[in-house]
Each structure stands twice: as C-alpha cells, then as structure tokens.
Amino acid sequence: MSEKSNPTSQRKKEHIELCLTDKVAFHDKTNGFEKYEFKHYAVTEIDISKINFEQQFLGKKINYPFLISCMTGGTSEAENINAQLAVTANKLNIPLGVGSQRQALENNDYHKSYKIIRKNAPVIPILGNIGAAEVVKYKDTKPVRTMVDLVEADAMVIHVNPLQELIQDKGEPDFSGLLKSIEKLVKNLNVPVFVKEVGAGISKDAAGKLLSAGVKGIDVAGAGGTSWAGVEILRNKWETNNFLWDWGLPTSYCLRTVSLLKKKYSFYLIGSGGINDPLSAAKAFALGADLVASARIILRELNESGAEGVSKLIIDWFEVIKNIMFLTGSSRLKDLQKGKIIRKDELY
Ligand SMILES: Cc1cc2nc3c(=O)[nH]c(=O)nc-3n(C[C@H](O)[C@H](O)[C@H](O)COP(=O)(O)O)c2cc1C
C-alpha cells in the first residue's frame, strides 16, 4: 500500500516535514525554565573530572540520563531516521523511544521501520509507543504485546494526547475507559508501562491517577516546546482553533508538581517538552526529573548534521551540565535537587 493510500503513514510523513521547521513552536507560552536560576556556590569542592552520569534505567546501565523521545515509524522516511537514531543511541548507550506503533498493526508494509531499531541498538533500553485512543479500543492486551515484541521493548509507553486528537482531522478524542485499560496493561504486559503527553503536559492530579493504576514512568512532555495543536492546525489549515495552539501546562510546572508524588510512589520521572539546550536540561533535573528527553531538536539535528551531529549535541550538553554541577557544588545530578535552583524573582 502506498503512503498516499495509507492515512496513518501519510500523516506521519507530514508530521516529520512540519517538525523539521520552526513553525510548530509555541507562540507565546514558554516551558518556564527561564524563570529559574541556579544558586552560585562560591566554596564548591567538586572535581569536574570525577562527574559521571552513568545510572540504571529499566534494569540496564545507561551512560547519560537522556532519552531520545518517541518520534517516528510506519513511513518510508521513518526507517532511515530510526536506523540513524538507533546507531546514535547505541553508541552513546542511552535509551530510545519508538514512534507510535499503530501503523504496524494495520499492515506489515513498514515493520522494517520499527525492527531496524533493535537491530541497530542491541542492548540499550527501547521504549515502545502507542496512543491512548488505540489502547481504549483493544479488547485484550494482545495487540500491545505484539508491539512490545516487534521492537523488543524494555517498557511500553502510552501517549495521552487529548488536545492533538481533538484538533487532528479524523482524530479520535474518545478516551473513555483509559485508566481501566492502562491498569489491565500494567497487569498483563511483561514490561513496565509508562505514560507520556506530547506537549501539553501531565498535571499532578493526572499523574497521581496513572501512578495508582500502576504506571512506572511519567514523561510530562509539557508545553513550551513543540505544539502538537500547532502541527495539526497547520496540517488542516483550521484557524478557528488557533487559541489552542498554546494550550497546556509548562514543562517546569509539571516537573515541580509531579515530582512531589515521589514521596508516595516509586517511578521514573522524565522531563521533556522544549528541552532544547543544556541549561533547560539541567533545570529539568533540578526540578525533579530522573531523565530528560527531547524530540524535535534531535530530528532537526539529524537532518542537518546526521547521526554524528546528534551524538555531539548530547555529549556537549552534558559537558555544560558538568560545569553547572561544579558551580552549584553538586557531585551527582540528584544533588541539583537539593535547593540548588531558585525562582528568579527571589533574587531581587
Ligand atoms: C516528528 C515527531 C513525531 C512524533 N511522534 C510521536 C509519536 O508517535 N508518539 C509520541 O508519543 N510522541 C510523538 N512525538 C512527540 C514527542 O515525543 C514529544 O513529546 C514532543 O514533541 C515534545 O517534545 P519536544 O518539545 O522536544 O519536541 C513526536 C514528535 C516529533 C517531533
């Protein structure tokens, strides 16, 4: 089946094309990290050469707490993109998210675009991906198990994207029974279940419901980075919904509030949504993230500078984060969470 006659593939192709431009950024809302500043610590005794970012994630050792966020699969372009992202992630020994696997259940045409990931990245943690709108339709967990097997996933991510489904042409904004479906997946899958947004953020209330359903990872994917309402408005030329372009909870707010749930639940908290520079990444760690994740900036870097460029970007970011750790007296990333960041208005 050609992409033109397969609406899911065609949509994925258009998403990639639009996300390679900056047209899909938020207009006025930011992710809020610019409202914070690190506290300079004049008597630091940190030895930068000893800072090490290695940690365990999903039972595997990773070199940096950086996740290449779920992006693509199910189109002809996706195979090449996923192949290169997998090589990069494998070289850096960092986790990688797969784009929505919905297309893989429709037919076998693009299975290679998903399988190439595990082929090129044999040991890293790989996160499978499917939308909430699909999950609520499945009568049992078999389709999701098929997706886990297809990429040999270490965790399965469900993306909750009510805003995108609402605006998307032929979107499916019907998530009734979602929490029950998630609970069922948690019980029946042999890998942990994570939940992510796609750029409108997960609130503390929503995260609390997900964690009590047994979810083991929350990726807040907050507002301030890529606007998926924006992507769909541009695709559909549907300007009546322009006011929703900037809808959503800023990434910094989501992290600050959802991290409070760590007192009650054990889970991975992933900070994403406009993590486009190392300072934002460091602030995300300081506000509670265990890992940070980026999507669009990685796609653009891959397009401009190839796999080498992506790998250099991530390594460079963590070199900058080392400097921030030195200047704040933090020997481990977790130390950044010990009062090393303040709101800018407190400075004056
Ligand atoms: C081209 C592209 C495709 C995406 N496709 C998916 C997807 O299939 N599933 C998903 O959960 N998120 C998807 N996302 C959303 C990202 O994972 C991320 O949550 C969102 O773009 C915000 O991060 P950013 O500001 O770093 O781009 C996609 C993002 C991009 C740029």
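From a predicted model like this one, the values you see are computed outputs, not experimental measurements.

Draft legend 1. Quick peek at the packing of helix H1 (residues 7-19) against helix H10 (residues 228-236). Contact pair H1 / H10: the axes reach a minimum separation of 10 Å and the direction vectors enclose 110°. On the basis of the axis angle, H1 is roughly perpendicular to H10. Along the contact surface, H1 presents Glu14, His15 and Leu18, while H10 presents Val231, Leu234 and Arg235. Partitioned by chemical class, the residues of the contact of H1 with H10 number three nonpolar, one polar and two charged.

Draft legend 2. Broad picture of the environment of lysine 196. The topology assignment puts lysine 196 in strand E8 (residues 193-196). Residue lysine 196 is classed as buried on the basis of its C-beta count, with 26 C-beta atoms lying within 10 Å. Taking the C-alpha atoms as reference points, lysine 196 and valine 220, 24 residues apart in sequence, are found 5.9 Å from one another.

Draft legend 3. Spatial organisation of unusual backbone geometry. Despite not being glycine, asparagine 93 shows a phi value in the positive range, around 55°. Relative to the helices and strands, asparagine 93 is located in the loop between helix H2 (76-92) and strand E5 (96-97). Phi at alanine 221 takes a positive value of approximately 35°, unusual for a residue other than glycine. Mapping alanine 221 onto the fold places it in the loop between strand E9 (217-219) and H10.

Draft legend 4. Just the site of the ligand, in detail. In the vicinity of the ligand there are 26 residues, among which Ser100, His159, Gly225, Thr226 and Arg296 approach most closely. Counting only elements with at least two residues in the shell around the ligand, the list comes to H1 and helix H13 (296-328). Among the residues forming the shell around the ligand, the class breakdown is ten nonpolar, 14 polar and two charged.

Draft legend 5. Structural detail: the pairing of E8. Neither face of E8 is exposed, since Val193 and Val195 on one face and Phe194 and Lys196 on the opposite face are all buried. Both strand E7 (residues 155-159) and E8 contribute to a ladder of four bridges, which runs parallel. Bridge pairing in E8 places histidine 159 opposite lysine 196. Assessed by its sense of winding, the connection that carries the chain from E8 through helix H9 (residues 204-212) to E9 is right-handed.

Draft legend 6. How the structure looks around H2. Between the first and last C-alpha of H2 there are 26 Å, a value that for 17 residues agrees with the 24 Å anticipated at 1.5 Å per step. The complete set of buried residues in H2 reads Ala78, Glu79, Ile81, Asn82, Leu85, Ala86, Thr88, Ala89 and Leu92. Packing partners of the buried residues in H2 comprise H1, strand E4 (66-68), E5, helix H4 (111-120) and H13. Of the residues trailing H2, asparagine 93 is marked for its positive phi of about 55°.

How each quantity is defined
Residues numbered from 1 in each chain as written. Predicted model: local features only at pLDDT ≥ 70, side-chain atom pairs only at ≥ 80, totals over all residues. Axes fitted to C-alpha atoms, helices over the stretch in contact; angles between N-to-C directions. Helix = DSSP H or I, 4+ residues; strand = E, 2+ residues; numbered from the N terminus. Parallel < 35°, antiparallel > 145°, perpendicular 65-115°, else oblique. Contact = placed C-beta atoms within 7 Å. Nonpolar A, V, L, I, M, F, W, Y, C, P; charged D, E, K, R; others polar. Buried ≥ 20, exposed ≤ 12 C-beta atoms within 10 Å, placed from the backbone. Near = placed C-beta within 6 Å. Pairing = 2+ DSSP bridges. Right-handed = clockwise from strand over helix to strand, strands pointing away. Expected span 1.5 Å × (residues − 1).

By themselves these figures say nothing about function.
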